[in-house]
Amino acid sequence: MAQVTFTELRNNLATHFDRIEADRVEMVVTRQNHDPMVIIPLSEWEGMKETLYLLSTPANARHLRESIADANAGKLTERDLIEP
């Protein structure tokens with residue numbers, strides 16, 4: 001995980017943003033006497049929120065784990081889309 005100081009981020013903001021966007025990774029920004037902050041692409045954040053939502057109930061988390069296990073075991077059923 002990349003880490004920069006606030007001053008370094010401010011001095012090279014576009015370069016750091018381009019790197020975060022291209023690599024799809026987070027960057028930790030540190031400041032004196034403050035908690036570190038994390039910068040991530042919006043799509044990554046939205047994906048994390050969706051994952052947390054899907055795993056937020058034990059029943060749904062169990063269903064997802066079972067579905068993944070079935071898929072990994074080759075127990076798949078191909079279906080046509082209702083609407084293409």
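For the structure, check the block above.
Residues numbered from 1 in each chain as written. Predicted model: local features only at pLDDT ≥ 70, side-chain atom pairs only at ≥ 80, totals over all residues. Heavy atoms only, no water.

1. Some words on the pattern of salt bridges
Should the charged atoms of two oppositely charged side chains come close, the side chains can pair. One pass over the full model with this rule turns up two salt bridges. Between R24 and E44 there is a salt bridge, with its nearest N and O atoms 3.6 Å apart. In this pair, R24 sits in the loop between helix 2 (13-23) and strand 2 (27-30) while E44 sits in helix 3 (residues 42-54), placing the two residues 20 residues apart along the sequence. The class of R24 is partly exposed, set by a relative accessible area of 35%. A relative accessible area of 33% means that E44 is categorised as partly exposed. (Salt bridge = Lys/Arg side-chain N within 4 Å of Asp/Glu carboxyl O. Helix = DSSP H or I, 4+ residues; strand = E, 2+ residues; numbered from the N terminus. Buried < 20%, exposed > 50% of the residue type's maximum accessible area, 1.4 Å probe, protein only.)

2. Things to note about a nonpolar patch on the surface
A grouping of L42, W45 and M48 is seen on the molecular surface, where their side chains present a nonpolar patch of about 330 Å² in accessible area. When you line up the elements, M48 lands in helix 3. By relative accessible area, M48 is classed as partly exposed at 42%. (Patch = residues over 30% accessible without salt bridge, like charges linked within 9 Å, V, L, I, M, F, W, Y side chains within 5 Å. Areas by Shrake-Rupley, 256 points an atom, 1.4 Å probe, with all protein chains shown as cover.)

3. Some thoughts on the environment of R31
Among the secondary structure elements, R31 is positioned in the loop between strand 2 and strand 3 (37-39). Given the relative accessible area of 36%, R31 is considered partly exposed. Note: C-alpha distance between R31 and A14 (17 residues apart in sequence) is 19 Å.

4. Here we look at unusual backbone geometry
Even without glycine at this site, R24 takes up a positive phi of about 55 degrees. A positive phi angle, close to 60 degrees, is found at N33, a residue other than glycine. The residue N33 is located in the loop between strand 2 and strand 3 in this model.

5. Re the sheet that holds strand 1 (residues 2-5)
One open sheet accounts for three strands, arranged 1-2-3; its pairing is mixed. Of all strands in the sheet, those with a lone pairing partner are strand 1 and strand 3, marking the two edges. Each adjacent strand pair in this sheet contributes to an overall mean axis angle of 30 degrees, direction not counted. (Pairing = 2+ DSSP bridges. Axes fitted to C-alpha atoms, helices over the stretch in contact; angles between N-to-C directions.)

6. Some details on the pairing of strand 2
As judged from the four bridges shared by strand 1 and strand 2, these two strands associate in the parallel manner. Each bridged residue has a counterpart across the sheet, and for Q3 the counterpart in strand 2 is V28. Sheet topology places strand 2 next to strand 3; three bridges connect them, and they run antiparallel. Paired with V29 across the bridge in strand 3 is M37. Here strand 2 folds back onto strand 3 in antiparallel fashion, the turn holding six residues, of which N33 has a positive phi close to 60 degrees.

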